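Fold and contact review
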Amino acid sequence: ILLFMLANGKDISLDRHVNHGVWGWMNLQPDRLPLELATVFVCNVLGTMGYVRAFKYFSSLIIAVAALMEPVVAAFTAVAMGVGVLPGLEGWIGNVLV
């Protein structure tokens, strides 16, 4: 991620600045804690439990394809909601390879 940010001319600092600091994730702010806890619980815990429970009902091939399709579906969902753009040529090549 750091190399990508440098290649695109983004500001990077080696401090704990919230927006562009390499160690910004360590900056404790009370308004970010509930968001972090919700992300950890909903995305990580429930998402992982969903995949584990799905192994009981689907073959491992179906689960693997579903996991690999997550970025593609997320891109289309972001575009449909108006908060994202479709990837460029390199992104589509990567999606096809996956």
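Quick summary incoming for the structure in this document. Just so it is clear, the model here is predicted, and its values are computed rather than measured. (Residues numbered from 1 in each chain as written. Predicted model: local features only at pLDDT ≥ 70, side-chain atom pairs only at ≥ 80, totals over all residues. Heavy atoms only, no water.)

Let us now look at the overall build of the chain. Scanning the chain from terminus to terminus reveals four helices and zero strands. Helices and strands in the chain line up, N terminus first, as α-α-α-α. For the chain, the spread of C-alpha atoms along the principal axes amounts to about 45 × 35 × 25 Å. Looking at the 98 residues of the chain, the share that counts as buried comes to 6%. A fraction of 2% describes how many contacts in the chain between residues 6 or more apart in sequence connect residues 24 or more apart. Between the averaged position of the 5 positive side-chain charges in the chain and that of its 6 negative side-chain charges there is a distance of 12 Å. (Helix = DSSP H or I, 4+ residues; strand = E, 2+ residues; numbered from the N terminus. Buried < 20%, exposed > 50% of the residue type's maximum accessible area, 1.4 Å probe, protein only. Contact = heavy atoms within 4.5 Å. Lys, Arg positive; Asp, Glu negative; His and termini not counted. Charge placed at Lys NZ, Arg CZ, Asp CG, Glu CD.)

Right, let's talk about the packing of aromatic side chains for a bit. Evaluated as defined, the whole model comprises one aromatic pair. A ring pair is formed by phenylalanine 76 and tryptophan 92, whose centres lie 5.8 Å apart and whose planes are at 45°; its orientation type is tilted. In this pair, phenylalanine 76 sits in helix H3 (residues 60–81) while tryptophan 92 sits in helix H4 (residues 89–97), placing the two residues 16 residues apart along the sequence. (Phe/Tyr/Trp six-rings, centres within 6.5 Å; stacked < 30°, edge-to-face > 60°.)

The first and last C-alpha atoms of H3 sit 31 Å apart over 22 residues, in line with the 32 Å expected at 1.5 Å per residue. Taking the largest bend as the criterion, H3 deviates by roughly 40°, centred on glutamate 70, and proline proline 71 comes between one and four positions later. One or two positions beyond H3, positive phi appears at glycine 82, with a value near 80°. (Expected span 1.5 Å × (residues − 1). Bend = angle between axes of the 7 residues up to and from the residue.)

Another point: a nonpolar patch on the surface. A contiguous nonpolar patch, built from Val40, Phe41, Val42, Val45, Leu46 and Met49 and spanning about 510 Å² of accessible area, is present on the exposed surface. Exposure remark for valine 42: the relative accessible area of 48% places this residue in the partly exposed category. (Patch = residues over 30% accessible without salt bridge, like charges linked within 9 Å, V, L, I, M, F, W, Y side chains within 5 Å. Areas by Shrake-Rupley, 256 points an atom, 1.4 Å probe, with all protein chains shown as cover. Salt bridge = Lys/Arg side-chain N within 4 Å of Asp/Glu carboxyl O.)

Before going further, it helps to examine the environment of tryptophan 23. By the secondary structure assignment, tryptophan 23 is in the loop between helix H1 (2–7) and helix H2 (33–54). A sequence separation of 66 residues divides tryptophan 23 from leucine 89, and the C-alpha atoms of the two residues are 32 Å apart. Setting aside residues no more than four positions away along its own chain, tryptophan 23 makes contact with Leu14, Asp15 and Arg16.

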